[in-house]
Amino acid sequence: MKTLTTFLACFLITAYAHGAPATPAPNPTPAATQAPLPDTPPTFNASRAMQYVKEIVAFGPRPIGSENHRKVENYILSHLKGDTVEQDNFEITASEGKFPVHNIIAKFPGGRDGIIVIASHYDTNWPLRNIKYVGANDGVSSSALLLEIANELRGTKREGYSVWLLWDDAEESMKLPWNDPESLYGVRHLAQKWQDDGTLKKVKAFLLEDMIGDANLNVDRDQQSTAWLEDLIYQAATRVGYQSHFFARAIYETDDHVPFLQRGVPAADLIDADYGYNNVFWHTTEDTVDKLSPKSLAIVGTVTLETVRLLDQK
Ligand SMILES: [Zn+2]
């Protein structure tokens, strides 16, 4: 991911000068057959998600094409046994050579026509391959979160939209600082593939999770994300009492949601791009499990599942 925080000041000044309020969310008109939302928050087993974090981190650095990367792929797949899984495998030619890229998609069918995608990248940065950089927050926290969401969805009969969980690959830039043409390989390939085969038209929302395990959790409001979907996430956070962890700061984020936004898919990036003072732990060997909290996984997991409920009602 690449953050532009300088955009914030410009945005606020512009919004103030023009007195432009945020675009209001359209009023949902639930179909007569839809049940009212339950009062109880969705369940999310944060201690199990945290265990997944520790197990993935234990594999070590996992740059694309590496043996550790293959082990993490197998780890994810081993937790999806019995689920409907699609693997999107291809090869890229980057300035550093040719690399395999492997997206993993687990599909949980629903009764309503349409798909909600929840995504996380699972690779670590190729340029950081020779240091002990494990990306506990950047890549692992969100990948573990998705594994636990799979547990929550598995075996339940969904009345709402189908939910597809996407562990996407090669998000990280092949060069540092960030390089647009040599990053987001997995999602760029998948967005194009889904556009070509007609899947993209069915995607009602793309929810991206990135760096959501920080014990000091402050999920930013990404100005590039779809405004009504950000509003819905805040509504979900408020419903489950976690709104104080959301959207105190506005940023402009280039991340895995961008190729979908560019194709007209409503998309939102749930990201806390301030990891340690002034983001000091990001992309360093300090991105380790001790900086994370199962409570943060619980907050984001619960808010994500509540957002899915709200989307189902829309
Ligand atoms: Zn990163």
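Please read these numbers as outputs of a predicted model, since none were measured by experiment. (Residues numbered from 1 in each chain as written. Predicted model: local features only at pLDDT ≥ 70, side-chain atom pairs only at ≥ 80, totals over all residues. Heavy atoms only, no water.)

Draft legend 1. Layout of the coordination of the zinc ion. Asp138 (OD), Glu172 (OE), Glu172 (OE) and His283 (NE2) make up the full set of protein donors to the zinc ion, lying at 1.9 to 2.7 Å. For the zinc ion, the four donor atoms in the first shell make angles of 54 to 156° at the metal, a pattern classed as irregular. Counting residues between consecutive donors of the zinc ion along the chain gives the motif D-x33-E-x110-H. Residue Asp138 is found in helix α4 (residues 136–153), and its partner His283 is found in the loop between β9 (267–271) and α8 (294–313); the two are separated by 145 residues along the sequence. Across the pair, His283 and Asp138 agree in class, each one buried. (Donors = N, O, S within 2.8 Å, 3.2 Å for Na, K, Ca; no water. Tetrahedral: all angles 85-135°; square planar, octahedral: opposite > 155°, others 65-115°. Helix = DSSP H or I, 4+ residues; strand = E, 2+ residues; numbered from the N terminus. Buried < 20%, exposed > 50% of the residue type's maximum accessible area, 1.4 Å probe, protein only.)

Draft legend 2. How the structure looks around helix α5 (residues 185–196). In a regular helix each residue adds 1.5 Å, so twelve residues correspond to 16 Å; α5 covers 17 Å between its end C-alpha atoms and thus fits that length. All of the buried residues in α5 are Tyr185, Gly186, Val187, Leu190, Ala191 and Trp194. Those residues of α5 that are buried are in contact with β2 (84–94), β3 (97–108), β4 (110–121), β5 (158–168) and α7 (258–261). One or two positions beyond α5, positive phi appears at Gly198, with a value near 90°. (Expected span 1.5 Å × (residues − 1). Contact = heavy atoms within 4.5 Å.)

Draft legend 3. Just empty space enclosed by the protein, in detail. Under the criterion given, the structure shown has one cavity of 30 Å³ or more. Ile64, Asp123, Thr124, Asn125, Trp126, Ala170, Glu172, Ser173 and Met174 are the residues that line the largest cavity. Here the lining of the largest cavity is built from residues that sort into four nonpolar, three polar and two charged. (1 Å grid on protein atoms, 1.4 Å probe; cavity = no way out; pocket = protein on both sides within 12 Å on 5 of 7 lines; lining within 4 Å. Points joined across faces, edges and corners; volume = space filled by probe spheres on them. Nonpolar A, V, L, I, M, F, W, Y, C, P; charged D, E, K, R; others polar.)

Draft legend 4. How the structure looks around the nonpolar core. Counting residues in hydrophobic clusters, the biggest one holds 64 residues, and the most contacted among them are Ile118, Leu165, Trp167, Leu207 and Phe246. Aside from chain neighbours lying at most four places away, what touches Phe246 is Val219, Ile233, Tyr234, Ala237, Leu270, Ile299 and Val303. Within the second largest apolar cluster, 19 residues are counted, among which are Ile105, Trp164, Leu190 and Val203. (Core = buried A, V, L, I, M, F, W, Y, C linked by side-chain atoms within 4.5 Å.)

Draft legend 5. Up close: α8. Taking 1.5 Å per residue as the helical rise, α8 with its 20 residues ought to reach 28 Å, and the 29 Å between its terminal C-alpha atoms agrees with that figure. Buried residues dominate α8, accounting for 18 of its 20 residues. For α8, the N-terminal capping position is held by Ser293, with its side-chain oxygen 3.0 Å away from the main-chain nitrogen of Lys295. (Polar contact = N/O pair within 3.5 Å; in protein donor to acceptor, adjacent residues only side chain to side chain.)

Draft legend 6. Region of the structure containing the side chain of Glu230. With respect to the secondary-structure elements, Glu230 resides in helix α6 (residues 227–239). Buried and unpaired, Glu230 has Arg221 as its nearest opposite-charge partner, separated by 4.4 Å. (Lys, Arg positive; Asp, Glu negative; His and termini not counted. Salt bridge = Lys/Arg side-chain N within 4 Å of Asp/Glu carboxyl O.)

Draft legend 7. Main features of the layout of surface pockets. Here the largest pocket defines a volume of roughly 580 Å³. Lining the largest pocket are 21 residues; nearest its centre among them are Arg158, Glu159, Gly160, Arg309 and Asp312. When residues of the lining of the largest pocket are traced back to their parent elements, those giving at least two are α4, β5 and α8. Per-element accounting of the lining of the largest pocket gives the leading share, five residues, to α8.

Draft legend 8. Here's a closer look at the pairing of β9. For β9, the buried fraction is high: five of the five residues fall into the buried class. In this structure, strand β6 (residues 203–210) lies alongside β9, joined through five bridges in parallel fashion. Residue Glu209 lies in a different strand from β9, and its bridge partner there is Leu270. (Pairing = 2+ DSSP bridges.)

Draft legend 9. Region of the structure containing unusual backbone geometry. The step from Leu176 to Pro177 runs through a cis peptide bond, and the omega angle for that step is 0°. Residue placement: Pro177 occurs in the loop between β5 and α5. Within the chain, Asn278 stands out as a residue other than glycine whose phi angle is a positive 60°. Tracing the backbone through its elements, the reader meets Asn278 in the loop between β9 and α8. Backbone geometry at Asn279 places phi at a positive 65°, although glycine is not the residue there. Relative accessible area serves as the criterion here: at 15%, Asn279 is assigned to the buried category.

Draft legend 10. Examining the pattern of salt bridges more closely. Throughout the structure, instances matching the rule amount to 15 salt bridges. Linking Glu148 and Arg48 is a salt bridge whose minimum nitrogen-to-oxygen distance equals 2.8 Å. Here Glu148 is found in helix α4, whereas its partner Arg48 is found in helix α2 (residues 46–57), with 100 residues between them in sequence. On the basis of relative accessible area, Arg48 is assigned to the partly exposed category, the value being 35%. Between Asp88 and Lys193 there is a salt bridge, and its shortest N-O distance comes to 3.6 Å. Separated by 105 residues along the polypeptide, Asp88 in strand β2 and Lys193 in helix α5 bring together distant segments of the chain.

Draft legend 11. How the structure looks around the packing of aromatic side chains. According to the stated counting rule, one finds eight aromatic pairs in the structure shown. On the basis of an interplanar angle of 80° and a centroid distance of 5.8 Å, the ring pair of Phe246 and Phe247 is categorised as edge-to-face. An identical accessibility class is assigned to Phe246 and Phe247; each is buried. Grouped by ring-pair contacts, the aromatic residues Trp164, Trp194, Phe206 and Phe260 constitute a single cluster. Cation over ring: Arg129 sits above Trp126, and NZ or CZ is 4.0 Å from the ring centre. Across the ring face of Phe281, the terminal group of Lys291 is positioned such that the distance to the ring centre comes to 4.9 Å. (Phe/Tyr/Trp six-rings, centres within 6.5 Å; stacked < 30°, edge-to-face > 60°. Lys NZ or Arg CZ within 6 Å of the ring centre and 35° of its normal.)

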